[in-house]
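Spelled out, the chains give:
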Amino acid sequence: MSLPARVVTLLVAFLAVAAGAAFIVEHYFLGGPPTVDYSAGVTADTGATVHVVLQEDPQNTVSTHPDWVSYFIQNPTTHAWIHTTLFKVPAGSKIDMTIYGYDGCTPLRNPYFGRVTGTIGGVEYVDGKPVKSLNSWSGCNVGHTFSIPGINLNVPMATPSNPNANLCSTSPCTSGPHKTVTFSFMTPRTNGTYFWQCRVPCGGGFIDGFGGPMQTIGFMTGNMEVVS
Amino acid sequence: MAASVADDAQGSASAEPNHGLRIFLIWLPIAVAADLLLYFVYGPHMPPGQMTNSAASQQFDIKVMSVLAAPVVAFVLVGIGYSLIVWRHREGDDDDGPPIFGHARIQATWITVTAVIVLFLASFGTYELAWPGFAGAGAGEGPAPIWTPKGGAPIQVQVIGQQWRWTYRYPQFGGFETTALEIPANVPVQFNVTSLDVIHSFWAYQLGVKADANPGVNNVAYTTAKQLGKFVVRCDELCGLWHGAMVNYGEVVTLSAFKAWAAKTNVQLAAITKDLPPYSTVYDPTVIPQINKAMVKAGIAGANGYYYPPNDPVQP
């Protein structure tokens, strides 16, 4: 092989490797959903109250997987719904969380997780009514859960009262039958990242419902970053 | 001329020192020192500790294997070092080494020593598994254990794996389920390990217990705690996105403290316990008569209100 041919071959090989590396960095390290910051302007470790708002939808029409169920998080400043499951909260603070449940029911794999744990008072409020547990095996009443194992938080999400009603079909949902679930909990006093997840096997199209949105950040699982 | 060369060769051979003896004399104190250090100094700190009889048994096994392996490793290292020093290349010596043919004594010694070591380890390992004091050495024995502990009926603890959290049921104390794992000291404990979704592996490191959690299978493992204190539980089977975070902590307490905790927890969790399915060694959550009845009553068809079937298509 002539010298120019070898140089060109080397250059092409180098560019191919560089392009592959750039793709990996962009796709796996720099890509992904954004983080909604609820910590801005709040002093950590003061017990200050932060209001975090989420919604869970039966589908999402804003991604390349429109048939996947998904959570959305509201931007605290603009109140726009962001298709992400990453949010940041101040350490040592009281989180007042509101989650709008637009999705229908699917029973929990383990009814133990129908029990509310880790919230202040061990209670959630479904449309203002206090609830300590929901039995998803005895009726159509649980759509998903919001669970942060690292702080023993588990809150089952109630579903619209009429299971035959037409569910919201455009995400993020702004109308349609839904339940409003509210609860409060304290964030840890130290910095850290706590994953959260849904415990209902809601990955339609995957074996036993455990794939897809259940395993993908930005849909039914994500991180709560605690900062001080 | 030829006779002269042969004489020289014989003369140099007779002047050759006994390398085997020299290597043996160098190796022997190193091997003895290594074994003593491994067994008596490092041995008590070897994993997984001595919190339970199965953990102590595993630690003893590792000590025995280390004591057997150290002389072999020392022999190899001494041989390499001796060769590098004694048989190194010297200036002007460009001859090939002498051709070496079979050496019956060395071969017989090698075969005998390795055979003895392997047979001993096989017998030793079998004994360690089968002895009732260890009862399977902390490993999952499947749904019909061959080796069971002596000393009365064990405390039953069901370990349920699900993405990505362990829960524990105590059928002898009202059947409550909790995320806290407590076991009593000095009483045999029977872990009934299963899963509700994918394959997990229950690994209580300090207890010396490790058993796969398979959906639809009851995998039994035994241990008896000898020391009080906390221990860590991890999932040891890659089980999805948050596998690395599937960690929690358990605690060994006295029998009286355990009974008090179980009685108190049973009362605290009574409300959710009534929503749980009856205790069973395995669960099939895709079969829920109540939910099907409720769905039929509500007139709901399709996926809404049902589990996605195991063979739900559209696989990537």
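Calculation criteria
Residues numbered from 1 in each chain as written. Chains lettered and ligands numbered in written order. Predicted model: local features only at pLDDT ≥ 70, side-chain atom pairs only at ≥ 80, totals over all residues. Helix = DSSP H or I, 4+ residues; strand = E, 2+ residues; numbered from the N terminus. Buried ≥ 20, exposed ≤ 12 C-beta atoms within 10 Å, placed from the backbone. Contact = placed C-beta atoms within 7 Å. Pairing = 2+ DSSP bridges. Axes fitted to C-alpha atoms, helices over the stretch in contact; angles between N-to-C directions. Expected span 1.5 Å × (residues − 1). Domains from an automatic or database assignment. Parallel < 35°, antiparallel > 145°, perpendicular 65-115°, else oblique. Left-handed = near helix turned anticlockwise from the far one by under 90°. Nonpolar A, V, L, I, M, F, W, Y, C, P; charged D, E, K, R; others polar. Core = buried A, V, L, I, M, F, W, Y, C linked by C-beta atoms within 7 Å. pLDDT = per-residue confidence, 0-100.

## Observations regarding the overall build of chain A
Okay, step 1: Within chain A one finds one helix and 13 strands.
Okay, step 2: Reading chain A from its N terminus to its C terminus gives the helix and strand order α-β-β-β-β-β-β-β-β-β-β-β-β-β.
Okay, step 3: With respect to the three principal axes, the spread of C-alpha positions in chain A is 80 × 45 × 30 Å.
Okay, step 4: Within chain A, buried positions represent 47% of all 228 residues.
Okay, step 5: Long-range pairs, those at least 24 residues apart, make up 70% of the contacts in chain A between residues at least 6 apart in sequence.

## Some details on the overall build of chain B
Okay, step 1: When you go through chain B residue by residue, the secondary structure sums to seven helices and 10 strands.
Okay, step 2: The 316 residues of chain B split such that 28% are buried.
Okay, step 3: In chain B, of all internal contacts separated by at least 6 residues, the share reaching a separation of at least 24 is 70%.

## Focus: the sheet that holds strand 7 (residues 209-213) of chain B
Residues and elements named next belong to chain B.
Okay, step 1: With mixed pairing, the five strands of this open sheet are ordered in space as 4-10-9-6-7. What marks the edges here is a single partner per strand, and that holds for strand 4 (181-184) and strand 7. Taking the axes of each pair of neighbouring strands and ignoring which way they run, one obtains an average angle of 25° across the sheet.
Okay, step 2: Lying over the sheet, helix 5 (residues 255-268) contacts strand 4 and strand 10 (247-253), oriented at roughly 140° with respect to strand 4.

## Quick word on helix 4 (residues 104-130) of chain B
Okay, step 1: The terminal C-alpha atoms of helix 4 of chain B lie 39 Å apart, and with 27 residues this matches the ideal 39 Å at 1.5 Å per residue to within 8%.
Okay, step 2: The buried fraction of helix 4 of chain B is low, at zero of 27 residues.

## Here's the deal with the pairing of strand 5 (residues 188-195) of chain B
Residues and elements named next belong to chain B.
Okay, step 1: Counting buried positions along strand 5 yields seven of eight residues, so the element is predominantly enclosed.
Okay, step 2: Pairing of strand 1 (residues 155-162) with strand 5, which is carried by seven bridges, proceeds in the parallel orientation. Bridge assignment links Val 157 to a residue of strand 5, and that residue is Phe 191.

## Things to note about the domain arrangement of chain A
Okay, step 1: Once the domains are mapped, chain A shows domain 1 (1-31) and domain 2 (35-227).
Okay, step 2: Of note, the centres of domain 1 of chain A and domain 2 of chain A, computed from C-alpha atoms alone, are 42 Å apart.

## A closer look at the sheet that holds strand 3 (residues 176-178) of chain B
All names here are of chain B.
Okay, step 1: Reading across the sheet, the five strands line up as 3-2-1-5-8 and stay open at both edges, with mixed pairing between neighbours. Lying at the two open borders of the sheet, with one neighbouring strand each, are strand 3 and strand 8 (219-224). On average, each strand axis in the sheet is tilted by 25° relative to the strand beside it, whichever way the strands run.

## A look at unusual backbone geometry
Leaving glycine aside, a negative phi is the common case for residues, and trans is the common case for peptide bonds.
Okay, step 1: Put simply, A:Ser171 and A:Pro172 share a cis peptide bond, and its omega is -10°.
Okay, step 2: Assignment of secondary structure puts A:Pro172 in the loop between strand 10 (153-158) and strand 11 (179-186).
Okay, step 3: The omega torsion across B:Gln163 and B:Trp164 is -5°, close enough to zero to call that bond cis.
Okay, step 4: Position of B:Trp164 relative to the elements: it lies in the loop between strand 1 and strand 2 (165-170).
Okay, step 5: Although it is not a glycine, A:Asp45 adopts a positive phi angle of roughly 60°.
Okay, step 6: Counting through the fold element by element, A:Asp45 comes out in the loop between strand 1 (35-37) and strand 2 (49-57).
Okay, step 7: One non-glycine residue, A:Asn152, lies in the positive phi region at around 60°.
Okay, step 8: With respect to the helices and strands, A:Asn152 occurs in the loop between strand 9 (142-148) and strand 10.

## Focus: the packing of helix 2 (residues 19-42) of chain B against helix 3 (residues 53-86) of chain B
Residues and elements named next belong to chain B.
Okay, step 1: For the pair helix 2 and helix 3, interaxial distance at closest approach is 9 Å and the crossing angle is 150°. Here helix 2 is positioned roughly antiparallel relative to helix 3, judged by the angle of their axes. Pair helix 2 / helix 3 crosses with right-handed handedness. Here Ile 23, Ile 26, Trp 27, Ile 30, Ala 31, Ala 34, Asp 35, Leu 38 and Tyr 39 of helix 2 come into contact with helix 3, specifically with Lys 63, Ser 66, Val 67, Ala 70, Pro 71, Ala 74, Phe 75, Val 78, Gly 79 and Tyr 82.
Okay, step 2: Of the residues in the contact of helix 2 with helix 3, the class split is 15 nonpolar, two polar and two charged.

## Here we look at the environment of A:Ser161
Okay, step 1: In this fold, A:Ser161 is placed in the loop between strand 10 and strand 11.
Okay, step 2: Each C-alpha atom, one on A:Ser161 and one on A:Val116, is 20 Å from the other, the two residues being 45 residues apart in sequence.

## With respect to the nonpolar core
Okay, step 1: Counting 50 residues, the largest nonpolar core has A:Phe87, A:Ile99, A:Val142, A:Val181 and A:Met220 as its most contacted members.
Okay, step 2: Looking at this core, the elements that each hand over two or more residues are strand 2, strand 3 (70-74), strand 5 (86-90), strand 6 (94-101), strand 9, strand 10, strand 11 and strand 13 (221-227) of chain A.
Okay, step 3: B:Ala55, B:Ala135, B:Leu196 and B:Val209 belong to the second-largest nonpolar core, a separate cluster that totals 35 residues.

## Describing the domain arrangement of chain B
For an interface, size is often stated in terms of accessible area lost upon the parts coming together.
Residue and element names in this part refer to chain B.
Okay, step 1: What the domain assignment lists for chain B is domain 1 (17-87 + 107-130) and domain 2 (155-273).
Okay, step 2: Listed by partner, the interface residues are 10 residues for domain 1 and 13 residues for domain 2.
Okay, step 3: Residue classes in the side of domain 1 that touches domain 2 are distributed as four nonpolar, six polar and no charged.

## Description of the pairing of strand 5 of chain A
The side chains of a regular strand alternate, residue by residue, between the two faces of the sheet.
Residue and element names in this part refer to chain A.
Okay, step 1: In terms of residue burial, strand 5 counts as a mostly covered element, since four of its five residues are buried.
Okay, step 2: Pairing of strand 1 with strand 5, which is carried by three bridges, proceeds in the parallel orientation. Looking at strand 5, one finds that Val 36 is bridged to Phe 87.
Okay, step 3: Inspection of the sheet shows strand 5 paired to strand 13 by five bridges, in the parallel sense.

## A word on the environment of A:Gln74
All names here are of chain A.
Okay, step 1: Turning to its location among the elements, Gln 74 is positioned in strand 3.
Okay, step 2: Between the C-alpha atoms of Gln 74 and Thr 84, which are 10 residues apart in sequence, the distance is 9.3 Å.
Okay, step 3: Residue contacts for Gln 74: discarding those within four places in its chain leaves Val 53, His 79 and Trp 81.

## Some points on the confidence of the model for chain B
Residue and element names in this part refer to chain B.
Okay, step 1: Within chain B, residue pLDDT values average 86, and 85% of them lie at 70 or more.
Okay, step 2: Taken as a whole, residues 1-11 scores under 50 in pLDDT and shows zero contacts with residues more than four places along the chain or in a different chain.
Okay, step 3: Every residue in residues 312-316 scores below 50 in pLDDT, and together they form six contacts with partners more than four places removed in sequence or on other chains.
Okay, step 4: The ipTM value of the predicted complex is 0.85, and its pTM value is 0.83.

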